Amino acid sequence: MQELLFLLLPVAMAYGWFMGRNSIKQNDQTAKQDLSIKYSTGLNYLLSNQQDKAIDYLLDALKVEDDTVEAHFAMANLFRRRGELDRALKVHEHLVRQGHLPSKDKQQAIFELGKDFLSAGLYDRAEKMFTKLLKSKSYGLKSINNLLKIYQSTKDWQLGIDLKKAVIKAKDTKSMHTLANFYCELATVALEKDEFIEVIELLEQALELDPNSCRANWLMAKIYENHQQFEQACQCYQSIYQQDKEFFPDVIENMHHCYLQLDASDEFFTFIRKVYEETGSTTALLKYLEQVENKHGINKAMEFILSALKRRPTIKGFKHFVKMQMAESAKESNGESLDAIKELITAYLNMKPRYSCRTCGFNSSTHYWSCPSCHDWEQLKPFRGLEGE
Ligand SMILES: [Zn+2]
């Protein structure tokens, strides 16, 4: 079907051109004959599978008029879908060179050319095309998004941030979220150098663009923690819980550390119990269990986890239960069989990835802020269910 469409496109283009020409200059016989020769030569090349020669001939023969411009775009898009980027490029470049095209078509040609360059990995040329369209009503936002894609690939975070004004003007939440992550990338570098003020300033900019960026709060908590400002760090961790309950289990351990420094362990466990009751997270359950054991002893803790696992079983929770059983049996006899079960569960859990991308479903044992598969930001979160949280 595609092949047929491909063959019909030049015919449609020629027809459009023919009709256009005929209505204006009825007796331009020479031009008609000239076209007829070029057209049939082009078609011959096409039929004998010499597509590059065919394109040269057809582009030369078929001038871009108002009624053939759509056919040119359709032909180029068809080439691109077939993976024939060089041919798509040729047609789009031909369109861009046409001085007389209406501004709307000219902008479309520049945008499509940018997309060709982007697909071919020619980032500098793609960047030039998209930059030309920043003020365009129809292609401004699309161009910004493609420029951000380029800067994400080349890790040119600052170049992305230079587009901030245009991004804010476009009021597009997705590109604001992307840009917030560009600030977080710069903040991560500054954090490694322990540049306190720089990190805070960068993260404030990130949160201004995306108040829901839990990554910005996570970095903010880290720098406060490094500088012994534990109260502020705790506030950041609480904000993360408000922003993203699914990501929260990964910060519980650090949050506990900060509360301990403030000598506010009870306050922490009250909060964690609330987290467990609201989300059912196994990490929160195991953390809360520490307090149950400390205050009421191992038997109460075992009762607590058993009833929790009956309500909502997870392998991670079961592993902890076996560990507690082992500690108990070790007092009476040796707990070899339980040890074997624990080893087995540990090996099983190690095989399982901990994170999944909420956008594309990519699984990973390591956490990434930008998904290695779909490149979306802040979408890798701990698994839920039996084998997860
Ligand atoms: Zn993804």
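The structure this text deals with has already been given above.
Scoring rules and cut-offs
- Residues numbered from 1 in each chain as written.
- Predicted model: local features only at pLDDT ≥ 70, side-chain atom pairs only at ≥ 80, totals over all residues.
- Heavy atoms only, no water.
- Patch = residues over 30% accessible without salt bridge, like charges linked within 9 Å, V, L, I, M, F, W, Y side chains within 5 Å.
- Areas by Shrake-Rupley, 256 points an atom, 1.4 Å probe, with all protein chains shown as cover.
- Salt bridge = Lys/Arg side-chain N within 4 Å of Asp/Glu carboxyl O.
- Lys, Arg positive; Asp, Glu negative; His and termini not counted.
- Charge placed at Lys NZ, Arg CZ, Asp CG, Glu CD.
- Helix = DSSP H or I, 4+ residues; strand = E, 2+ residues; numbered from the N terminus.
- Donors = N, O, S within 2.8 Å, 3.2 Å for Na, K, Ca; no water.
- Tetrahedral: all angles 85-135°; square planar, octahedral: opposite > 155°, others 65-115°.
- Buried < 20%, exposed > 50% of the residue type's maximum accessible area, 1.4 Å probe, protein only.
- Phe/Tyr/Trp six-rings, centres within 6.5 Å; stacked < 30°, edge-to-face > 60°.
- Lys NZ or Arg CZ within 6 Å of the ring centre and 35° of its normal.

The next subject is a negative patch on the surface. A contiguous patch of negative charge on the surface is contributed by Asp194, Glu195, Glu198, Glu201, Glu204 and Glu208. By the secondary structure assignment, Glu195 is in the loop between helix 11 (173-192) and helix 12 (196-209).

Protein-derived coordination of the zinc ion comes from Cys357 (SG), Cys360 (SG), Cys371 (SG) and Cys374 (SG), at a distance range of 2.3 to 2.4 Å. Here the zinc ion binds 4 donor atoms, and the angle range of 107 to 111° at the metal identifies the geometry as tetrahedral. A residue is classified by how much of its surface remains accessible, and Cys374, at 26% relative accessible area, is partly exposed.

The subject of this paragraph is the packing of aromatic side chains. Taken as a whole and assessed by the stated rule, the structure comprises 14 aromatic pairs. Between Trp157 and Trp377 the ring centres are 6.0 Å apart and the planes differ by 70°, which places this aromatic pair in the edge-to-face class. You can see Trp157 sitting in helix 9 (residues 157-161) and its partner Trp377 sitting in the loop between strand 2 (363-364) and strand 3 (380-382), a full 220 residues away along the chain. Judged on exposure class, the residue Trp157 and its partner Trp377 are both buried. Ring geometry for Tyr241 and Phe248: centres 5.0 Å apart, planes at 65°, overall edge-to-face. Note on accessibility: Tyr241 and Phe248 belong to one class, buried. Ring-pair connections join several aromatic residues into one group, and the members of that group are Phe111, Phe130 and Tyr139. Above the face of the Phe111 ring, Lys142 is positioned so that its terminal group lies 5.9 Å from the ring centre.

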